[in-house]
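What follows is each chain in one-letter form.
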Amino acid sequence: MRHPQRQAQAGLPKQVTIYEVGPRDGLQNESALVPTESKIDFIRRLAAAGLSVIEATSFVRPEWVPQLADADAVLAELDLNGPVSMPVLVPNERGLDRALAAGVRTIAIFGSATDSFARKNLNRSLEEQFTMFEPTVARAREHGLDVRAYVSMCFGDPWEGDVPVEQVVQVGKRLMGLGASQLSIGDSIGVGTPGHVKELIAGFVDAGIAVDDLAVHFHDTYGQALSNAYAALEAGVTTFDSSAGGLGGCPYAPGATGNLATEDLVWMLHGLGIETGISLDALVETSTWMAGVLGRPAPSGVVRALAG
Ligand code: MG
(Lines give C-alpha, C1' and ligand atoms only; values in the text may rest on other atoms or scores of the structure.)
Protein backbone atom coordinates (compact mmCIF):
# COMPACT_ATOMS: atom_id res chain seq x y z
CA MET A 1 0.00 0.00 0.00
CA ARG A 2 1.25 3.49 -0.82
CA HIS A 3 2.63 5.69 1.96
CA PRO A 4 3.36 9.41 2.19
CA GLN A 5 6.93 10.57 1.63
CA ARG A 6 8.26 11.67 4.99
CA GLN A 7 9.37 15.25 5.27
CA ALA A 8 9.76 16.26 8.89
CA GLN A 9 9.15 19.89 9.84
CA ALA A 10 10.92 21.75 12.62
CA GLY A 11 8.81 22.97 15.50
CA LEU A 12 6.15 20.25 15.41
CA PRO A 13 5.59 17.54 18.06
CA LYS A 14 7.56 14.32 17.36
CA GLN A 15 4.74 12.11 18.50
CA VAL A 16 0.98 12.51 18.87
CA THR A 17 -1.89 10.48 20.31
CA ILE A 18 -4.93 9.81 18.21
CA TYR A 19 -8.14 9.49 20.18
CA GLU A 20 -10.30 7.25 18.02
CA VAL A 21 -14.01 8.13 18.15
CA GLY A 22 -15.40 5.89 15.38
CA PRO A 23 -17.11 3.25 17.55
CA ARG A 24 -19.00 5.91 19.51
CA ASP A 25 -19.18 9.26 17.67
CA GLY A 26 -19.08 7.52 14.28
CA LEU A 27 -21.57 4.72 14.82
CA GLN A 28 -24.05 6.73 16.90
CA ASN A 29 -25.06 8.56 13.74
CA GLU A 30 -25.80 5.38 11.80
CA SER A 31 -29.53 4.78 11.62
CA ALA A 32 -29.24 1.10 10.66
CA LEU A 33 -28.34 -0.91 13.74
CA VAL A 34 -24.85 -2.39 13.58
CA PRO A 35 -24.68 -5.86 15.18
CA THR A 36 -23.00 -5.96 18.60
CA GLU A 37 -20.49 -8.52 17.30
CA SER A 38 -19.42 -6.11 14.54
CA LYS A 39 -18.89 -3.30 17.04
CA ILE A 40 -16.67 -5.51 19.18
CA ASP A 41 -14.80 -6.63 16.09
CA PHE A 42 -14.40 -2.99 14.99
CA ILE A 43 -12.83 -2.00 18.31
CA ARG A 44 -10.52 -5.02 18.31
CA ARG A 45 -9.39 -4.30 14.77
CA LEU A 46 -8.72 -0.66 15.64
CA ALA A 47 -6.64 -1.75 18.63
CA ALA A 48 -4.74 -4.20 16.44
CA ALA A 49 -4.07 -1.36 13.96
CA GLY A 50 -2.25 0.49 16.75
CA LEU A 51 -4.85 2.91 18.08
CA SER A 52 -4.00 3.42 21.77
CA VAL A 53 -7.19 5.24 22.79
CA ILE A 54 -10.57 4.10 21.47
CA GLU A 55 -13.81 5.60 22.74
CA ALA A 56 -15.81 2.40 22.86
CA THR A 57 -19.44 3.39 23.38
CA SER A 58 -21.80 5.59 25.35
CA PHE A 59 -24.13 5.21 28.30
CA VAL A 60 -26.68 7.72 27.03
CA ARG A 61 -30.28 6.59 27.33
CA PRO A 62 -31.04 3.92 24.73
CA GLU A 63 -34.19 5.83 23.64
CA TRP A 64 -31.96 8.74 22.62
CA VAL A 65 -29.27 6.76 20.84
CA PRO A 66 -30.64 3.28 20.02
CA GLN A 67 -27.45 2.41 18.15
CA LEU A 68 -25.49 2.32 21.42
CA ALA A 69 -28.12 0.54 23.52
CA ASP A 70 -25.80 -2.49 23.62
CA ALA A 71 -23.03 -0.65 25.52
CA ASP A 72 -22.94 -3.22 28.33
CA ALA A 73 -22.70 -6.14 25.91
CA VAL A 74 -19.90 -4.45 23.95
CA LEU A 75 -17.86 -3.59 27.05
CA ALA A 76 -18.25 -7.09 28.49
CA GLU A 77 -16.14 -8.41 25.60
CA LEU A 78 -13.34 -5.85 25.84
CA ASP A 79 -10.21 -5.70 27.99
CA LEU A 80 -10.81 -2.48 29.90
CA ASN A 81 -7.61 -2.84 31.92
CA GLY A 82 -5.31 -3.59 29.01
CA PRO A 83 -2.79 -1.37 27.23
CA VAL A 84 -5.46 0.26 25.05
CA SER A 85 -7.50 2.91 26.83
CA MET A 86 -11.23 2.59 26.14
CA PRO A 87 -13.13 5.61 27.44
CA VAL A 88 -16.92 5.63 27.48
CA LEU A 89 -19.20 8.64 27.13
CA VAL A 90 -21.32 9.19 30.23
CA PRO A 91 -24.06 11.85 30.25
CA ASN A 92 -25.02 11.84 33.93
CA GLU A 93 -24.86 9.93 37.21
CA ARG A 94 -27.06 7.10 35.98
CA GLY A 95 -24.62 6.61 33.10
CA LEU A 96 -21.75 6.69 35.59
CA ASP A 97 -23.35 3.92 37.63
CA ARG A 98 -23.45 1.76 34.51
CA ALA A 99 -19.84 2.68 33.66
CA LEU A 100 -18.65 1.74 37.15
CA ALA A 101 -20.52 -1.57 37.00
CA ALA A 102 -18.91 -2.30 33.62
CA GLY A 103 -15.39 -1.63 34.91
CA VAL A 104 -14.74 1.41 32.73
CA ARG A 105 -11.48 3.25 33.59
CA THR A 106 -12.06 6.56 31.79
CA ILE A 107 -15.27 8.44 31.16
CA ALA A 108 -16.00 11.35 28.88
CA ILE A 109 -18.60 14.05 29.51
CA PHE A 110 -20.05 16.12 26.70
CA GLY A 111 -20.51 19.83 27.43
CA SER A 112 -21.52 22.72 25.23
CA ALA A 113 -19.91 26.11 24.63
CA THR A 114 -23.29 27.61 23.76
CA ASP A 115 -26.62 27.95 25.52
CA SER A 116 -28.62 26.86 22.45
CA PHE A 117 -26.79 23.57 22.04
CA ALA A 118 -26.78 22.93 25.80
CA ARG A 119 -30.58 23.19 25.67
CA LYS A 120 -30.93 21.00 22.55
CA ASN A 121 -28.45 18.33 23.54
CA LEU A 122 -28.49 18.34 27.35
CA ASN A 123 -31.87 19.88 28.07
CA ARG A 124 -30.01 22.32 30.35
CA SER A 125 -28.95 25.93 30.10
CA LEU A 126 -25.29 26.80 29.57
CA GLU A 127 -24.99 27.42 33.31
CA GLU A 128 -27.05 24.41 34.43
CA GLN A 129 -24.75 21.98 32.61
CA PHE A 130 -22.03 22.53 35.23
CA THR A 131 -24.45 21.64 38.03
CA MET A 132 -25.41 18.52 36.11
CA PHE A 133 -21.82 17.39 35.48
CA GLU A 134 -20.43 18.26 38.91
CA PRO A 135 -21.62 15.18 40.87
CA THR A 136 -20.86 12.85 37.95
CA VAL A 137 -17.26 14.00 37.69
CA ALA A 138 -16.79 14.13 41.47
CA ARG A 139 -18.00 10.54 41.92
CA ALA A 140 -15.97 9.33 38.94
CA ARG A 141 -12.83 10.84 40.48
CA GLU A 142 -13.64 9.31 43.88
CA HIS A 143 -13.66 5.93 42.15
CA GLY A 144 -10.28 6.66 40.57
CA LEU A 145 -11.61 7.16 37.05
CA ASP A 146 -10.03 9.54 34.60
CA VAL A 147 -12.37 12.14 33.08
CA ARG A 148 -12.23 13.75 29.66
CA ALA A 149 -14.46 16.73 28.96
CA TYR A 150 -15.71 17.53 25.50
CA VAL A 151 -16.75 21.06 24.80
CA SER A 152 -18.83 21.28 21.65
CA MET A 153 -19.76 24.16 19.30
CA CYS A 154 -16.44 25.89 19.97
CA PHE A 155 -16.10 27.47 16.53
CA GLY A 156 -19.69 28.29 15.66
CA ASP A 157 -23.21 27.23 16.52
CA PRO A 158 -26.04 26.50 14.06
CA TRP A 159 -28.51 28.59 16.09
CA GLU A 160 -26.25 31.33 17.47
CA GLY A 161 -23.68 31.77 14.70
CA ASP A 162 -20.32 33.04 15.93
CA VAL A 163 -19.21 31.92 19.38
CA PRO A 164 -16.82 34.26 21.23
CA VAL A 165 -13.40 32.76 22.01
CA GLU A 166 -13.64 34.03 25.58
CA GLN A 167 -16.95 32.21 26.12
CA VAL A 168 -15.47 28.91 24.91
CA VAL A 169 -12.42 29.34 27.14
CA GLN A 170 -14.59 30.04 30.19
CA VAL A 171 -16.78 26.98 29.58
CA GLY A 172 -13.76 24.75 28.97
CA LYS A 173 -11.99 26.03 32.04
CA ARG A 174 -14.99 25.35 34.23
CA LEU A 175 -15.36 21.82 32.87
CA MET A 176 -11.67 21.19 33.62
CA GLY A 177 -12.20 22.74 37.06
CA LEU A 178 -14.76 20.02 37.86
CA GLY A 179 -11.93 17.49 37.75
CA ALA A 180 -11.37 16.55 34.11
CA SER A 181 -7.81 15.86 32.99
CA GLN A 182 -8.30 16.48 29.28
CA LEU A 183 -10.42 18.94 27.32
CA SER A 184 -11.47 18.13 23.78
CA ILE A 185 -12.23 21.29 21.83
CA GLY A 186 -14.93 20.41 19.32
CA ASP A 187 -15.83 22.05 16.03
CA SER A 188 -19.16 20.25 15.93
CA ILE A 189 -20.34 21.83 12.66
CA GLY A 190 -16.96 22.02 10.96
CA VAL A 191 -16.92 25.77 10.34
CA GLY A 192 -13.60 26.62 12.04
CA THR A 193 -10.52 27.86 10.21
CA PRO A 194 -6.81 27.62 11.14
CA GLY A 195 -6.39 31.15 12.56
CA HIS A 196 -9.44 30.63 14.75
CA VAL A 197 -7.94 27.35 15.99
CA LYS A 198 -4.73 29.12 17.00
CA GLU A 199 -6.64 31.93 18.74
CA LEU A 200 -8.70 29.48 20.73
CA ILE A 201 -5.72 27.38 21.79
CA ALA A 202 -3.83 30.53 22.78
CA GLY A 203 -6.90 31.61 24.77
CA PHE A 204 -6.86 28.35 26.73
CA VAL A 205 -3.12 28.54 27.35
CA ASP A 206 -3.45 32.15 28.53
CA ALA A 207 -6.21 31.00 30.89
CA GLY A 208 -3.82 28.50 32.48
CA ILE A 209 -4.79 25.27 30.67
CA ALA A 210 -1.68 23.36 29.56
CA VAL A 211 -1.55 22.62 25.85
CA ASP A 212 -0.80 18.98 26.75
CA ASP A 213 -4.23 18.79 28.39
CA LEU A 214 -6.00 19.91 25.22
CA ALA A 215 -7.32 17.75 22.41
CA VAL A 216 -8.96 18.91 19.20
CA HIS A 217 -12.03 17.43 17.53
CA PHE A 218 -12.57 18.61 13.98
CA HIS A 219 -15.27 17.91 11.43
CA ASP A 220 -14.70 18.17 7.71
CA THR A 221 -18.09 19.66 6.81
CA TYR A 222 -16.47 22.71 5.20
CA GLY A 223 -13.28 20.92 4.16
CA GLN A 224 -11.24 22.52 6.94
CA ALA A 225 -10.50 19.60 9.25
CA LEU A 226 -6.93 18.80 8.19
CA SER A 227 -5.92 22.46 7.90
CA ASN A 228 -7.25 22.96 11.39
CA ALA A 229 -5.40 19.89 12.65
CA TYR A 230 -2.17 21.28 11.20
CA ALA A 231 -2.79 24.63 12.91
CA ALA A 232 -3.33 22.80 16.21
CA LEU A 233 -0.08 20.85 15.68
CA GLU A 234 1.78 24.12 15.14
CA ALA A 235 0.24 25.38 18.38
CA GLY A 236 1.67 22.34 20.21
CA VAL A 237 -1.43 20.15 20.56
CA THR A 238 -0.55 16.45 20.78
CA THR A 239 -3.97 14.76 21.07
CA PHE A 240 -6.25 14.58 18.04
CA ASP A 241 -9.75 13.11 17.86
CA SER A 242 -10.65 11.36 14.63
CA SER A 243 -12.93 8.66 13.32
CA ALA A 244 -11.85 5.63 11.30
CA GLY A 245 -13.01 6.02 7.72
CA GLY A 246 -14.52 9.43 8.57
CA LEU A 247 -17.65 7.88 10.10
CA GLY A 248 -20.14 10.09 11.88
CA GLY A 249 -21.30 13.63 12.45
CA CYS A 250 -23.51 15.19 15.09
CA PRO A 251 -27.14 14.08 15.39
CA TYR A 252 -28.46 17.35 16.84
CA ALA A 253 -26.51 19.75 14.65
CA PRO A 254 -28.00 20.36 11.19
CA GLY A 255 -25.43 19.96 8.43
CA ALA A 256 -22.80 18.53 10.73
CA THR A 257 -21.31 15.67 8.78
CA GLY A 258 -17.95 14.06 8.62
CA ASN A 259 -15.67 13.60 11.53
CA LEU A 260 -12.06 14.05 10.48
CA ALA A 261 -11.04 10.63 9.14
CA THR A 262 -8.30 8.89 11.11
CA GLU A 263 -6.66 7.72 7.87
CA ASP A 264 -6.50 11.26 6.47
CA LEU A 265 -4.97 12.50 9.71
CA VAL A 266 -2.47 9.63 9.88
CA TRP A 267 -1.43 10.24 6.26
CA MET A 268 -0.62 13.86 7.09
CA LEU A 269 1.12 13.04 10.37
CA HIS A 270 3.29 10.31 8.87
CA GLY A 271 4.17 12.62 5.98
CA LEU A 272 5.34 15.11 8.59
CA GLY A 273 7.49 12.41 10.20
CA ILE A 274 5.33 12.34 13.33
CA GLU A 275 4.96 9.04 15.18
CA THR A 276 1.45 7.70 15.78
CA GLY A 277 2.10 3.99 16.38
CA ILE A 278 -0.62 3.25 13.83
CA SER A 279 -0.44 0.93 10.84
CA LEU A 280 -2.15 2.82 8.03
CA ASP A 281 -2.58 -0.43 6.09
CA ALA A 282 -4.39 -2.17 8.95
CA LEU A 283 -6.51 0.90 9.54
CA VAL A 284 -7.59 1.15 5.89
CA GLU A 285 -8.44 -2.56 5.94
CA THR A 286 -10.56 -1.99 9.05
CA SER A 287 -12.48 0.92 7.54
CA THR A 288 -12.99 -0.98 4.31
CA TRP A 289 -14.39 -3.89 6.30
CA MET A 290 -16.68 -1.52 8.28
CA ALA A 291 -17.86 0.09 5.02
CA GLY A 292 -18.96 -3.42 4.02
CA VAL A 293 -20.87 -3.83 7.30
CA LEU A 294 -22.59 -0.45 6.76
CA GLY A 295 -23.17 -1.05 3.07
CA ARG A 296 -21.58 2.15 1.75
CA PRO A 297 -18.10 3.48 1.08
CA ALA A 298 -16.05 5.23 3.79
CA PRO A 299 -16.01 9.04 3.39
CA SER A 300 -12.22 9.18 3.93
CA GLY A 301 -10.22 10.28 0.89
CA VAL A 302 -7.25 8.17 1.98
CA VAL A 303 -9.41 5.06 2.33
CA ARG A 304 -10.88 5.66 -1.14
CA ALA A 305 -7.42 6.15 -2.62
CA LEU A 306 -5.83 3.13 -0.96
CA ALA A 307 -8.64 0.59 -0.78
CA GLY A 308 -9.15 0.21 -4.54
MG1 MG B 1 -17.51 14.34 16.08
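An account of the accompanying structure is given in this report. (Residues numbered from 1 in each chain as written. Predicted model: local features only at pLDDT ≥ 70, side-chain atom pairs only at ≥ 80, totals over all residues. Heavy atoms only, no water.)

1. A short note on the sheet that holds strand S5 (residues 106–112)
- One open sheet accounts for 9 strands, arranged S2-S1-S9-S8-S7-S6-S5-S4-S3; its pairing is parallel. A strand with exactly one partner marks an edge of an open sheet, and here the two such strands are strand S2 (53–54) and strand S3 (57–58).
- Seen against the sheet, helix H6 (residues 128–142) touches S5 and strand S6 (146–152) and runs at an angle of roughly 170° to S5. (Pairing = 2+ DSSP bridges. Helix = DSSP H or I, 4+ residues; strand = E, 2+ residues; numbered from the N terminus. Contact = heavy atoms within 4.5 Å. Axes fitted to C-alpha atoms, helices over the stretch in contact; angles between N-to-C directions.)

2. Concerning the coordination of the magnesium ion
- Around the magnesium ion, the donor atoms from the protein are Asp 25 (OD), His 217 (NE2), His 219 (NE2) and Asn 259 (OD1), and they sit 2.0 to 2.2 Å away.
- Summarised as a motif, the one-chain spacing of the donors to the magnesium ion is D-x191-H-x1-H-x39-N. A residue pair is termed long-range when its members are at least 10 positions apart, and His 217 in strand S8 (residues 214–217) and Asn 259 in the loop between strand S9 (239–242) and helix H10 (262–271) qualify at 42 residues. (Donors = N, O, S within 2.8 Å, 3.2 Å for Na, K, Ca; no water.)

3. Let's talk about the pairing of strand S7 (residues 182–186)
- Taken across its 5 residues, S7 has 5 buried, putting it largely inside the fold.
- Side chains Gln 182, Ser 184 and Gly 186 project from S7 onto one buried face, and the interleaved Leu 183 and Ile 185 project onto a second face that is buried too.
- Here S6 runs beside S7; their pairing, made up of 4 bridges, is parallel. Within S7, the residue paired with Arg 148 across the bridge is Gln 182.
- Between the parallel elements S6 and S7, the chain passes through helix H7 (residues 165–177) in a crossover that is right-handed. (Buried < 20%, exposed > 50% of the residue type's maximum accessible area, 1.4 Å probe, protein only. Right-handed = clockwise from strand over helix to strand, strands pointing away.)

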